[in-house]
Amino acid sequence: MRSHSIGTEDLAQGRTPPHHADLTWSLRADKIEDLMTLEVLQNINALFQKYEKRGRQMLDMETFKCIMKQSMRSQSKSIKQIEQLFMKIDYESMGRIEWDGFCTYLQLQYSEQADALAQQKEVSFQLPAVPQGPAHGGPVLRILSMPDDTLIMIREDGTIYFWSLQLKLKRRKRVFDKSISRKPRWVTDVISMPQYNKLIIGTGNREIQLYELSNLEPYCQIGGLETVPLRLDYSYEDPDKCLILYGDDKGCVNVLSLASVGELLRTWNKLPKIENMPNISIKNAMASPNVNYIYWRVHGDWITQLNYYDSIKAVISSSNHDPTALVIGCTMRTTTVKQKMKEIRDVRKDVEARRHRAFPGLPQRRAECDQTIFRIYKGVKAFSFCKRKNLLLTGGMDRIIRVWNPYLPGKPTGMLKSHTSPVIYIHATAEDNKIFSMSADNTIKIWDLDTDSCLFTASSKASGIKGEFAACLYLPHSRALCVATDTITLLHLQLRSPSEPSLVVSHQEPVVCCCYNPTFRHVVSCSEASVVKVWDFETGRPLSGFTGAHGNAGITCLTFDSNGKRLVTGGRDGCLKIWSYNNGHCLHTLKHDEKPSEVCDCTYLEVNQNKCIIAVGWDRRINVYFDAPCDFHHFWKPQPHWQDDLNHGHKDDILCVVQCPPFLLATSSYDGEVIIWNVVSGHIYCKLNTPSPSDGAEEGKGPDQSVSCLAFLKTWAAKFESVAASLIANGPQGSVTFWRLFGEACPIANFTPSRDKAPVSSIAMTAGDAFTYMADQEGFVHVYDIKEYGLQGPELQPPKKVTFWRAHVSVVTSLELIEEQFLLSSSLDCTMRLWSRDGEYIGTFGQDSPWDIFTPASWSHPRVPCEILTDPQSMPAHPVLDGDVAALRTGKEEQDNAVEEKAKPENTPNPRSPEDSILEVEMKEDINKWLPLGRNQPELGWPSIYQSLRCHQVACVSAVGEKPDLSIISSDLFNLNFPAQEKEGSKVAQESRSHSSFHVWALERLLSWQILPQLIQMTE
C-alpha cells in the first residue's frame, strides 16, 4: 500500500490526513507545462546552456529542479509537479534529460493539446440542406426573425413572405398595389418595429413607409427624402423613444430620433393620403418637436451595410470606398456645456424658425473625435461587431476577413484567408464562439472566434445552395443559418457527437480496457475507435488524449512498463506499440514478420533483471519482445518461439495472459485450455482443461468453452502450495473455477456468480488474496470472501458472497483494485467508473462535476448512474421478481398448513361470523372498483406476481399500534446482499419472515409502477 493511502475509517468520517494537503493541491492545480511562457523557456534554455558549457549536457533530477525553481520564481509550483515533469521527459528511465528532449516533450504536448481542442470544436452543418422555393419574383433583400419564431422575407417587388422555422409558408402579401400606384415602386430594404407592431420599408422613390405588422395594411409614410434609403436600421431607446436610421446612395448616414412615438405615429396616420398611404414630407416631420433629424456625410460611395449598436451608442456603416471603408460614429453631435446652455435658452423659438433651422440642406460632417475611420483595400461589403469579445470583423471584394479592435483602426489583429470569392456576409456569435461567413460563390465557412481557425467549409455543391446570393441570417436560438438565393434554405448547426444530457460517457465508443498508473496517479483508457485518454484519478477530469493509436484498427489491450512511464497497447492490426503516453509520442512498434493477426492480451514481465513484453492473440503463439531502451530502432521483432509452444502449445486462439512472479505465466484459449508456463525455461508446467457444464447445452451444439479471464492467487502460487487453489479462471455458462496447480493439478471448486449465468468478464484480487471481485457481462460486480476458501482441498459450496452491485449496463471489460481502497471498472457502455471497495459509487470519468477522492462528501453515493437505475436487469434477485411464484407458494402453503394443523384443535370447525362475510363482500367491491385488473384486462408488466400474493404471505407485518420498521427506506436497493445459500433447521421461520417482508416491498414497488398510472387515468 502506498504511503499516501488513507484508511476506511478516515474515508467514512470525511477526514483527509494533513500530509495529503500539498499533494492534493499540486495535482488539482494547473499543470506546470501549461504555465510555460516564452520568457520562462528562454530562462530555462539559458540555464541549460550554462550547464552545457560546464560539460553537463545531461541533467539529473536535482539539477532540473533547481533550474525550474530559478526560472519560474513567480509561479509557486510544488516539487512534486517538477518531479513528475522530469519523469515524463525521462520515459526511458535513464535518470538524466537534455534540452532537446525537454523541447521535444513540450512540442508534442502542445501539439496533442491543440489536436484535442480541435476535436472538441468540431462543427458542421446538416448537409445537404433541403431548399424551399417561393414563387418567382424580384431578388430577396432581407430576412427578419420575429419574436414568435416567424421568418419574414421581402422581395424587391414588394412581396412579403412569412415562414415558420420549419420553412412552412404561412402567408404572403404584396404591399404595393398596382391598381393604385401610378409609377413603378421597388423596395430597397426592410426592418421591423416590434414594440409598435410596425414594418418599415424603404423604397426607390425616396420614401420610408410604415405598415401594420399583423395585416400589412399601410399606416403612414415619410416622403420627399433627399436621397434613396438603401440600408435601414431601428433601435428602441427610452420608453416611447426610438431611432430610425438609414444609409443612402450618396454615402450619408441619416438619423431620425423620434419621441412620443405612439402619439406621433397616430398623428401621421390621420394625414391626407397619397396613393392610399397617409403621407408626411420630411420637412414637415422635422418641424415637429418630437422629431430630430441628423444628416451625416460619411462615405465616398453608397452604403453597403448599416447597423446601430446600443451597447456602444454608435452606428457602424460601410461602403466600397477604400478611404472610408468602415466608419464607427455617433448618431448625434457631441456638445459642450456652453452649447447645451444655448440650446436650452433657444428652446422657445417659434415653429417657423425651427423649420428653417431643420431644413436638410447639405449634409454635415462629424468631428474627428466623433468617429473612427477604417481604411480597407477594396472597401467593405459586410461586417459584424461582437461586444462581448470586443471584436469587429470585415469582409469585402478582396476575399479576406479581417479582425479588428474597434478602437484601433490602424492595423487588424487577425486575417482569415480562405474564401475564393468576395465575402458578402459575416456574423460573429459569442454564445457559440463561432464566426459564420459566406462568399459570392455560395461557399459557407465556420470559424473559431478565439483561434481564428477554419472549422468547417461547405461548398455550394455540398450544401445544395444554388443561384445568386441574396440575403442571409443567423438564428441563434435554432442554431441555424437561413440563406436566400433563388430559394430559401435552412442550414442547421451540428456540433460534435451530441449525447443525451442525462447520460455521462467517458468515450464516444465502447471502452475496451483501462489501467491505473500509480507513478503519476493517472487512469489510461482505450476505446474501440483507437482513442487513448488520460484521466486524473483523484478528480475524474480528462488530462490528455490522442486518436488513431493503431490507425483504423481498434485497441484490444494495454499495460505499463515497470516504471509506469511508458504505455504499451495492442491492437487488431497485430501490432504492439510503446508510447510516451503523456504526449502521445509513439516510441516503438512491435510486430513479427508473419501475417498480422489480432493481439488479444499483453503483459509486461521482469525476470532476472530482464524486461520483456509478452503478447498473445489469434496467432496462437507466445510472442516475447525484449524491452531494450538502448535499441533506437523504431520496429522491434519478437524472440524465437519456445519449443514447447511450437510442439505442445495452444491449438486455438489465445485470449488471456497473466503472470505470477517470479517465473509463472498462465495463458488461456478459446477452446477452454489453460497452460501454465515457466517463463525462464519456456517449458510447460501443466495443462488445465475447463470442466464442461452438466446442464444447459443443447443437443448437437456444445456451449462456449472459451476462457477469457484468469487471475493468480499469488499468496499460494508463490509458495507452491500443493493443497490450496492457486488460479481462478472463468468458464462456460458463467462458471468460475478454482484450480490447484501444484502437486496434482485439478479443479477444486466451481460455482456461478450470476443468477442468470452471465459469463464472468473480469476478475480482480485484493492484497493477500482475501477477497475477489468478479464482473460479468451484464455489468454486475460480485465480491467474495476467499480468505479460507479452497485451502484444504475441494469445496462443494461457493465462497461467502460479501456484496454485489450493478456497475454497468453492458459487458465489464476491465476491473482493477486501486490502493486496496477503490475499484476501477470500464465497460462496453462507453463509461469508466470509480467505486469504493464496498460498492459506493464515486463517479463516472468525464462527468461535469469532479470528485475529490479524499472527500467522501464529493462522491456520487448514495446516487447510482441513471441508466443503471432504469435498466430492468438491475432488479434484485428474488423468486417473486423472477416469476417463480408457484414454487414459493407451494413451499409457503406447506409451512402454513403445518402451522395451522398444530395450532388448530382436532375436529373443531372454524365458523365464519356474519360480520366477516359482510367485510369480505365490501373488500371485494373496493378491489373491483380501484383495481380493475380482471381477466379481460391486458397484462401490464408482472400481473402474475402481485395477483398471486396471498394474505398470509404479507401477514408478518407490524401489529396495530407498533412502531413500523422504516430501515428499508434508507437501504440501497441496488446493494442488497441476499444469502448465497439457504440454511435449514431453525432458520426456516426467520427466512419466512424475511421473504414476507420482501413481498411487502415488492408489492409496494409493483403497485407504484404498474397500478398507480392506471388509477391516475381513472381519476382523470
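Quick note: structure is the one above.
What counts, and at which threshold
- Residue positions within a chain follow its written sequence, with the count starting from 1.
- For a predicted model such as this one, the threshold for reporting local features is a pLDDT of at least 70, and the threshold for listing and counting side-chain atom pairs is 80 or more; totals across whole chains, interfaces and linings nevertheless cover every residue.
- Values reported for side chains reflect all heavy atoms of the structure, with hydrogen atoms and water molecules removed beforehand.
- Pairing between strands requires that DSSP locate at least two bridges from one strand to the other.
- Each helix is a run of DSSP H or I of at least 4 residues and each strand a run of E of at least 2, with the numbering of both proceeding from the N terminus.
- Axis definition: a line fitted to C-alpha atoms, over the contacting stretch in the case of helices. Angles run 0 to 180 degrees between N-to-C directions.
- Salt bridge criterion: a side-chain nitrogen from Lys or Arg within 4 Å of a carboxyl oxygen from Asp or Glu.
- Remark: exposure states derive from per-residue accessible area (1.4 Å probe, protein chains only) relative to the maximum for the residue type, with buried under 20%, exposed over 50%, and partly exposed in between.
- Between rings of Phe, Tyr and Trp, where Trp is taken as its six-membered ring, a pair exists when centres lie within 6.5 Å; planes separated by under 30 degrees are stacked, by over 60 edge-to-face, and by other angles tilted.
- Consider the ring centre and the ring normal. A charge sits over the ring if Lys NZ or Arg CZ is within 6 Å of that centre and within 35 degrees of that normal.
- For classification purposes, an angle smaller than 35 degrees is called roughly parallel, one larger than 145 roughly antiparallel, one from 65 to 115 roughly perpendicular, and anything else oblique.
- Crossings are classed by handedness, with left-handed meaning an anticlockwise turn of the near helix from the far one by less than a right angle and right-handed meaning a clockwise turn.
- Residue contacts are counted whenever heavy atoms from the two residues lie within 4.5 Å of one another.

> So what exactly am I meant to see when it comes to the sheet that holds strand β51 (residues 771-776) here?
Sheet strands pair by backbone hydrogen bonding; their relative direction is either parallel or antiparallel. Taken in spatial order, the 4 strands of this open sheet run β50-β51-β52-β53, and their pairing is antiparallel. Each of the sheet's edge strands pairs with one partner strand only, and the pair in question is β50 (760-765) and β53 (800-806). Pairs of neighbouring strands in the sheet enclose a mean axial angle of 20°, with direction left out of account.

> How should I be thinking about the environment of D536 in this particular structure?
Counting through the fold element by element, D536 comes out in strand β32 (residues 532-536). For the pair D536 and G846, spaced 310 residues apart in sequence, the C-alpha to C-alpha distance is 10.0 Å.

> Even after reading the chapter, I still don't get the pattern of salt bridges, so can you show me in this structure?
When the charged atoms of two side chains lie near each other, side chains of opposite charge can form a pair. Within this structure, the stated rule accounts for 28 salt bridges. Between R174 and D157 there is a salt bridge; the shortest N-O distance is 3.7 Å. Of the two residues, R174 is situated in strand β5 (residues 169-174) and D157 in the loop between β3 (151-155) and β4 (159-163); the sequence distance between them amounts to 17 residues. Residue classification places R174 among the partly exposed positions, given a relative accessible area of 34%.

> Before we go on, may I ask you to explain the sheet that holds strand β26 (residues 454-458) in this structure?
In space, the 4 strands of this open sheet follow the order β23-β24-β25-β26, with antiparallel pairing throughout. Each edge of the open sheet is held by one strand with a lone partner, namely β23 (423-429) and β26. Averaged over all pairs of adjacent strands, the angle between their axes in this sheet comes to 15°, without regard to strand direction. Direction of pairing for strand β25 (residues 444-448) relative to β26: antiparallel, over a ladder of 4 bridges. Directly across from K445, in β26, lies its bridge partner T457.

> When you look at the pairing of β23 in this model, what are you seeing that I'm missing?
In the case of a regular strand, side chains alternate between the two sheet surfaces. Of all 7 residues in β23, 6 are buried, a share of seventy percent or more. The pairing of β23 with strand β24 (residues 434-439) spans 6 bridges and is classified as antiparallel. Within β24, the residue paired with Y425 across the bridge is M438. The loop that links β23 with its antiparallel partner β24 comprises 4 residues; one of these, N433, has a positive phi angle of about 60°.

> Explanation requested: unusual backbone geometry in the structure shown.
Residues apart from glycine generally show negative phi values, whereas peptide bonds are mostly found in trans. Cis geometry is found at the peptide bond from P661 to P662, where omega equals 10°. Within the secondary structure, P662 sits in the loop between β42 (654-660) and β43 (664-669). For the bond running from H861 to P862, omega is 10°, close enough to zero to count as cis. Following the sequence through the fold, P862 ends up in the loop between β57 (841-844) and α14 (866-870). One non-glycine residue, L216, lies in positive phi territory at about 60°. Relative to the helices and strands, L216 resides in the loop between β8 (207-212) and β9 (218-223). According to the relative accessible area criterion, L216 is buried, its value standing at 2%.

> So what exactly am I meant to see when it comes to helix α5 (residues 79-89) here?
Two residues of an α-helix separated by three or four positions point the same way, owing to the 3.6 residues in each turn. Across the 11 residues of α5, 8 count as buried, placing the element largely inside the fold. Among all positions of α5, only Q81, I82, Q84, L85, F86, M87, K88 and I89 are buried.

> Teacher, can you tell me more about the packing of aromatic side chains here?
Pairs of aromatic rings are described using the distance from one ring centre to the other and the angle between the two planes. The full count for this structure, using the stated rule, is 30 aromatic pairs. On the basis of an interplanar angle of 45° and a centroid distance of 5.9 Å, the ring pair of W805 and W835 is categorised as tilted. Here the residue W805 occupies a position in strand β53, and W835 occupies one in strand β56 (residues 832-836), the gap between them amounting to 30 residues. Accessibility assignment for this pair places W805 and W835 in one class, buried. Taken together, the ring pairs in this structure connect F48, F64, F86, W99 and F102 into an aromatic cluster. Note that K801 overlies the ring of F804, its terminal NZ or CZ placed 5.1 Å from the centroid.

> Just to check I follow, could you spell out the packing of helix α4 (residues 61-71) against α5 for this structure?
The description of two packed helices rests on the angle between their axes and on the distance between the axes. With their axes 10 Å apart at the nearest point, α4 and α5 run at an angle of 125° to one another. Considering their axes alone, α4 and α5 lie oblique with respect to each other. Judged by the twist between their axes, the crossing of α4 over α5 is right-handed. Contact residues: M61, F64, K65, M68 and K69 in α4; I79, I82, E83, L85, F86, M87 and I89 in α5.

By themselves, these figures tell us nothing about what the structure is for.
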